[in-house]
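Now for the letters of each chain:
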Amino acid sequence: MMKIMFAGSLVSSACLSISLIFMLCVPKLRKITRNRIHVQVFLSFMLRDLSKCGLDYVFYYKKFSAIANIASNKPYYEYLAEVTKVSKYYDFQSEPAVGYICKTISISQRYFQLVGLYWIFIEAFYLHTLIIESFFDCRKYIQTFYIFAWITPMGSTVLYFIRKFMKDDSPCWLTDS
């Protein structure tokens, strides 16, 4: 099951990158506001998938292959619970970099997930303005959309990081404890 999910995330990232290249290389597509928003949505989804692949690679393929047989036929949340149980007993003192990698990937995965949701919100807002308020020109506000969708999620991600850093002494932040 995990291999299928890992492969699915890689295929998704590959398809999204092909779409990004296509949308960025065709000049007529680059100038359309809707496509510029789509590029940002695709980019955020691709980065989220790649961070998920990084987490799976570090834990499933490198460090915790002992539980691969246990978790291979389970849903992802059960697999994550197994990894969390093992990570509590894993000796991160011998390789502290693994804990830092885990924390970094966990935080980046949450950030890119929030960015994707913000871009979906902006896309809905853009479609709303096209349908309901046709006099509103969204092209003037595209820079504001960029700032809103890429910077605003950073605030809540930083707050999450500070809370985890201050209150959670586990070596890897896979759960919301």
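Definitions and limits used
Residues numbered from 1 in each chain as written. Predicted model: local features only at pLDDT ≥ 70, side-chain atom pairs only at ≥ 80, totals over all residues. Heavy atoms only, no water. pLDDT = per-residue confidence, 0-100. Contact = heavy atoms within 4.5 Å. Helix = DSSP H or I, 4+ residues; strand = E, 2+ residues; numbered from the N terminus. Expected span 1.5 Å × (residues − 1). Bend = angle between axes of the 7 residues up to and from the residue. Buried < 20%, exposed > 50% of the residue type's maximum accessible area, 1.4 Å probe, protein only. Core = buried A, V, L, I, M, F, W, Y, C linked by side-chain atoms within 4.5 Å.

Novice: Quick question: what am I supposed to make of the confidence of the model for the protein chain here?
Specialist: Low-pLDDT portions of the prediction should not be read for the details of their coordinates. For the protein chain, per-residue confidence averages 76 on the pLDDT scale, and residues scoring 70 or more make up 68% of the total. Taken as a whole, residues 65-71 scores under 50 in pLDDT and shows 10 contacts with residues more than four places along the chain or in a different chain.

Novice: Sorry, what's going on with helix H7 (residues 142-167) here?
Specialist: Every α-helix winds through 3.6 residues per turn, so residues three or four apart in the chain are directed the same way. In a regular helix each residue adds 1.5 Å, so 26 residues correspond to 38 Å; H7 covers 38 Å between its end C-alpha atoms and thus fits that length. Most pronounced at Phe148, the bend in H7 amounts to some 25°. Within the span of H7, buried status applies to Ile142, Phe145, Tyr146, Ala149, Trp150, Pro153, Thr157, Tyr160 and Lys164.

Novice: What should I look at first to understand the nonpolar core in this one?
Specialist: Side chains that are nonpolar tend, in soluble globular proteins, to be buried together. Core analysis: the largest hydrophobic core is formed by 13 residues, its most contacted members being Ile37, Trp119, Ile122, Phe145 and Trp150. If you list the elements that add at least two residues to this core, you get helix H3 (33-63), helix H6 (96-131) and H7. Considering each element in turn, this core owes the most residues, six residues, to H6. In this structure, Leu16, Met23, Val39 and Met46 belong to the second largest nonpolar core, which totals five residues.

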